[in-house]
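Overview (structure and organization)
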Amino acid sequence: MGLLGNLFGSKVEYPQLPAGNAASARLDEIKAPLEELAHKVSDPLEVVPAEHEAFVFLGKPPKNFGIAWIHDGKVTGLKEFAEEHELSPIEVGKLIVRLGEAYQHASEAPRYSAEFGGKQMVIIPSQGLEQEVHQIMTNSLH
């Protein structure tokens, strides 16, 4: 497919996420809010499972994306996160830039495919990306 595939956004196929591994267990823990998000969002979703939470890149990272944070049984979008923590538009912009950089740092991390809520998602079980995103989000809090 080559150049035309890249121009027209051909999807990369990833292997199925193996059942019974740590990432599967973490995703099972947040399955309900992840399925809820899958039903609400039409953009592609890339999930970074973490302990008792997950970070979800929406859209086409590292350039054109949003992020959702699944924690405490709920989904917090970037807009809600910014309002909740009184982040200025400039702070939100810096947050997005840092998250895009974190995503790029994990470009070599293995990726898998899994279905939640009838939607195929990319799963990135990268401890490095998980820690970097968590640190970025934590550092953004006032």
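Right, let's walk through the structure included here. (Residues numbered from 1 in each chain as written. Predicted model: local features only at pLDDT ≥ 70, side-chain atom pairs only at ≥ 80, totals over all residues. Heavy atoms only, no water.)

Regarding the pattern of salt bridges
In a structure, side chains of opposite charge can pair up when their charged atoms sit close to one another. If you walk through the whole model with that rule in mind, you get 2 salt bridges. In this structure, the salt-bridge partner of Arg 26 is Glu 130, at a minimum N-O distance of 2.9 Å. Of this pair, Arg 26 sits in helix 2 (residues 22-29) while Glu 130 sits in helix 6 (residues 127-139), and the two are 104 residues apart along the sequence. Using a relative accessible area of 14% as the deciding quantity, one classes Glu 130 as buried. (Salt bridge = Lys/Arg side-chain N within 4 Å of Asp/Glu carboxyl O. Helix = DSSP H or I, 4+ residues; strand = E, 2+ residues; numbered from the N terminus. Buried < 20%, exposed > 50% of the residue type's maximum accessible area, 1.4 Å probe, protein only.)

Describing the side chain of Ser 126
Among the structural elements, Ser 126 can be located in the loop between strand 6 (119-123) and helix 6. At a separation of 3.0 Å, a polar atom in the side chain of Ser 126 contacts the main-chain amide nitrogen of Leu 129. Filtering out sequence-adjacent residues up to four positions away, Ser 126 remains in contact with Val 48, Ala 106 and Ala 109. (Polar contact = N/O pair within 3.5 Å; in protein donor to acceptor, adjacent residues only side chain to side chain. Contact = heavy atoms within 4.5 Å.)

Regarding helix 3 (residues 31-40)
For helix 3, the complete set of buried residues consists of Pro 33, Leu 34, Leu 37 and Ala 38. Looking straight down helix 3, one finds its buried side chains confined to an arc of 145°; they lie on one side. Along helix 3, the residues that are exposed and aim more than 90 degrees away from the buried face are Ala 32, His 39 and Lys 40. (Arc of directions from axis to C-beta.)

Focus: the sheet that holds strand 4 (residues 74-77)
In any sheet, the strands associate via hydrogen bonds between backbone groups, in a parallel or an antiparallel arrangement. In space, the 6 strands of this open sheet follow the order 4-3-2-1-6-5, with mixed pairing throughout. The outermost strands of the open sheet, each flanked by one partner alone, are strand 4 and strand 5 (112-116). Along the sheet, successive strands turn relative to each other by an average axial angle of 30°, direction set aside. The sheet contact formed by strand 1 (residues 45-50) and strand 6 spans 2 bridges and is parallel. Counted as the bridge partner of Val 47 is Ile 123 from strand 6. (Pairing = 2+ DSSP bridges. Axes fitted to C-alpha atoms, helices over the stretch in contact; angles between N-to-C directions.)

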